[in-house]
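Spelled out, the chains give:
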Amino acid sequence: MSDSKKRSKSSKEDTPKENPYLAHLPPSERLVGGASSAKNSYGLAANHPLANFVMGATTAEQGEAAEEGETNPFTGKPFSDKYRKILAGRRKLPVNKHRKEFLDLVQNNQVVILVGETGSGKTTQIPQFMVFDDLPAFKGKKIACTQPRRLAAMSVAQRVAEEMDVVMGQEVGYNIRFEDCTSERTMLQYMTDGMLLREAMNDPLLTRYSAVILDEAHDRTLSTDILMGLMKEIIKKRPDLKVVVMSATLDAGKFQKYFDDAPLMSVPGRTFPVEIYYTPEPESDYLEAAIFTALQIHRTEDAGDILLFLTGEEEIEDACRKIKAEADQMPDAGPIKVYPLYSTLPPQAQKRIYDDAPPPRTPGGRPGRKVVVSTNLAETSLTIDGIVYVIDPGFSKQKVYNPRIRVESLLVSPISKASAQQRSGRAGRTRPGKCFRLYTENAFMKELIETTYPEILRSNLGTVVLQLKKLGIDDLVHFDFMDPPAPETLMRALELLNYLGALDDDGNMTPLGSIMADFPVDPQLAKMLITSPQYGCSNEIMTIVSLLNVPLVFMRPPDQRKMADEAKAQFSHPDGDHLTLLNVYHAYKTSGEDQKWCYDNFCNYRTLKSADNVRTQLKRYMERADLDLVSLPFDERPKGPYYTGIRKALCAGYFMQVAHQERSGNYLTVKDNQVVRLHPSSCLDHASEWVIYNEFVLTNQNYIRTVSEVRAEWLLDIAPNYFDLESFPNCEGKRVLEKLIMRRKSSSNRERDDDDEDERRKSRKSDRGDRDRKESKRRR
DNA sequence: GAGCACTGC
């Protein structure tokens, strides 16, 4: 009843609608009067390029004819010359030969798996094939194509807008965090997978879309994995929704199986052959071997640039120096340029990898060469043309999660076969190349795992579980994960969310949890934001949370450490690193967000700018949740009520990340009893008995980083459930808390804490930054 | 007295 009402209403809006009573017929026969009169349903003139198109039943020839016509069917404007030139190139892409096969599959199946190598053109062409068949614009819907990375979503959208001869943001657009470049007219939308997931939290059936294309599914990011599980649920309730999952070839069968044996289409790529060389014996020192190999290639091989994969910044900078120094000593080799590449490198420095190799010293002499030494960044996110030689030592830094101690850390680990193949492929982008694997062939065959473990098996799942609950998935244990996470990891997440009050004791989402899920930050930080008005300091907590969500603000160039540390000292707050962050932000805003100020003070301008972006977004969410944006009257004294309020609010999110200083001077984490040390970058002196920390850094030592001093009383008040001493292991901290509880019980007329006393003392306002600086100087 | 693979909302 209501269904038919809706349909009759929308037909007035000139959108073609199928007759619901004809749903048993094949799509081409569903439109009233059959295909021949379909043009009337669309309200298109008889000479319109799409006049004879039947939604979901077009042919490849029809699509191609429309693309080769005079008029752009979606804008009504004549096609440009540039368009025709691009179109000729598009027709040569491998995927173009499979247009008919693809349309057959997608018209007759709800889910299609498509595997394509790099260079097949799948990311740009498949969505366009669908636009011409599904005709989303005529039903008030859109086609979504998700990408794991923002840059990819943006650049592919730009490319496809050109290919379709439309203005970016109109018919074709993209939607990523902080930037929605779409409009009412948008029918094809590239977006990050995280963005689509967030949309699903408010629109669980994704009603705005007629088709969803999940691209780069082999990447297996947290968001892609959740989206895939979600799509399986949604297609049951939305028979009209088409889903295409696109992936690299290696584990295509797994995707097919997961989607109940959906049909699979395979498209070859367009790359050049790469010869693989293995070492006869295992290398004991991969770094040394890598440098040696690079120099060897430089001395003996033909012209062509080198790409060397290493694991991290320090290693990369070190290798760059050594390669440069040694190569410059070689009399019989050409000139060399060596560039590092990792994500935290400023964009300017990153761009240098595209510079041309230096020319030979003398005409006809040994070739000059470019060497790029990179992290995994060059494995997928970034492509460098002209690479002919790849050196793959077989390692990368990978995130691992240990649910027992609830710690995520980065570990240098062997890569997978899939990664190794991806790396070697980078040598064959422009011509045949060579890849030197610094491990034995036997190790490749027998020791490397097939594919890198998906992120969902290597992460703390707090956010994931909260998101799933918000998506309406109650039974997590039976949720159809492509790779189910360890039960212990799920348990840890449920436990965390329960202590934070996001889930009740039965595991159901609370109203608080529902608001928490809306915030694009960790559950702990979301809780902190939501609770902060109660402590009168939501303005300050928004700032702190923003800064915790961007890379480190403080720069420390190796040759200027002393000056950098002095600059940082101006901002340091005796009560901890969180308040130090607040000081930096305040000083940055006071400077007028000045780039030079940042440079002079060893602060990362880009980071502060992006933190400010995050803050604006958080503010919007706070307002949407009707949370007050407030500050306490300013009081410059450390441990005064102003700063105390903030530190109490920090506890509301971080009460599970507490460490207590033992008499030995060591810190022990609460409940887990891990021995930790304050990270040397902390501005906190070593006399604080109780501290909360943002991050547990597992390296040679266990460090806690971004630390603030708190008081045991606050912890007991804020999280009585968590600080239930019966569940505590024996340690000094437990005894201190026991005494505290006893004292509280015995004194019926409990003495007020010192800080409460402070709170009663009204203090006059004064310049915050100035006072803080004086205060920190005095302490020094 | 040390380090941060890479993404994303």
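Residues numbered from 1 in each chain as written. Chains lettered and ligands numbered in written order. Predicted model: local features only at pLDDT ≥ 70, side-chain atom pairs only at ≥ 80, totals over all residues. Heavy atoms only, no water.

- As recorded in an unreviewed UniProt entry, chain A goes by RNA helicase and comes from Linnemannia gamsii.
- Under the Catalytic activity (unreviewed entry) heading, UniProt states for chain A: "ATP + H2O = ADP + phosphate + H(+)". (UniProt positions renumbered as here; feature names shortened; annotations may be inferred.)

## Concerning the overall build of chain A
Item 1. Counting its regular elements, chain A contains 30 helices and 21 strands.
Item 2. What you see for chain A is a C-alpha radius of gyration of 30 Å, in line with the 28 Å of a compact globule of 780 residues.
Item 3. For chain A, the spread of C-alpha atoms along the principal axes amounts to about 90 × 85 × 50 Å.
Item 4. By the burial criterion, 53% of the 780 residues in chain A qualify as buried. (Helix = DSSP H or I, 4+ residues; strand = E, 2+ residues; numbered from the N terminus. Rg over C-alpha atoms; globule rule 2.2 N^0.38 Å. Buried < 20%, exposed > 50% of the residue type's maximum accessible area, 1.4 Å probe, protein only.)

## Some thoughts on the UniProt feature "domain: Helicase C-terminal" (unreviewed entry) in chain A
Item 1. With numbering aligned to this structure, UniProt lists the feature "domain: Helicase C-terminal" (unreviewed entry) at residues 286-472.
Item 2. The annotated region residues 286-472 carries 32% helix and 24% strand content, and the separation between its end C-alpha atoms amounts to 48 Å.

## Focus: the sheet that holds strand β21 (residues 702-710)
Item 1. Taken in spatial order, the 5 strands of this closed barrel run β17-β18-β19-β21-β20, and their pairing is mixed. Taking each pair of neighbouring strands and ignoring which way they run, the sheet shows an average axis angle of 50°.
Item 2. Strand contacts of helix α23 (residues 577-590): β20 (690-698) and β21, with the helix running at about 75° to β21, the strand carrying the most contacts.
Item 3. Contacts from helix α28 (residues 732-746) reach β17 (658-661) and β20, with the element oriented near 90° to β17. (Pairing = 2+ DSSP bridges. Axes fitted to C-alpha atoms, helices over the stretch in contact; angles between N-to-C directions. Contact = heavy atoms within 4.5 Å.)

## Structural notes on the protein's contact with DNA strand B
Item 1. Looking at DNA strand B, there are 32 residues lining it, with Arg150, Ser343, Lys397, Leu552 and Arg556 nearest.
Item 2. Here DNA strand B approaches the protein such that, of its atoms within 4 Å, sugar and phosphate make up 62%.
Item 3. Within the backbone of arginine 150, an N or O atom sits 2.3 Å from a phosphate oxygen of DNA strand B.
Item 4. In this structure, a phosphate oxygen belonging to DNA strand B sits 3.5 Å away from a side-chain N or O atom of threonine 375. (Near = heavy atom within 4 Å. Polar contact = N/O pair within 3.5 Å; in protein donor to acceptor, adjacent residues only side chain to side chain.)

## Some points on the packing of aromatic side chains
Item 1. Going through the model one piece at a time under the given rule, you end up with 19 aromatic pairs.
Item 2. Ring geometry for tyrosine 722 versus phenylalanine 723: centroids 5.2 Å apart, planes at 80°, classification edge-to-face. By the burial criterion, tyrosine 722 is buried, and phenylalanine 723 matches it.
Item 3. Each residue in the set Tyr499, Phe655, Tyr722, Phe723 and Phe728 is aromatic and connected to the rest through ring pairs, giving one cluster.
Item 4. Over the ring of tyrosine 722 we find lysine 671, and its NZ or CZ is 3.8 Å from the ring centre. (Phe/Tyr/Trp six-rings, centres within 6.5 Å; stacked < 30°, edge-to-face > 60°. Lys NZ or Arg CZ within 6 Å of the ring centre and 35° of its normal.)

## Re the environment of glutamine 189
Item 1. With respect to the element layout, glutamine 189 can be found in strand β5 (residues 188-192).
Item 2. Put simply, glutamine 189 and leucine 151 are 38 residues apart on the chain and 14 Å apart in space, counted from C-alpha to C-alpha.
Item 3. Those residues in contact with glutamine 189 that lie beyond four places of it in its chain are Lys142, Ile143, Ala144, Cys145, Gly173, Asn175, Thr182, Glu199 and Tyr209.
Item 4. At 2.7 Å, the side chain of glutamine 189 forms a polar contact with the side chain of lysine 142.
Item 5. A distance of 3.2 Å separates polar atoms of two side chains, one belonging to glutamine 189 and the other to tyrosine 209.

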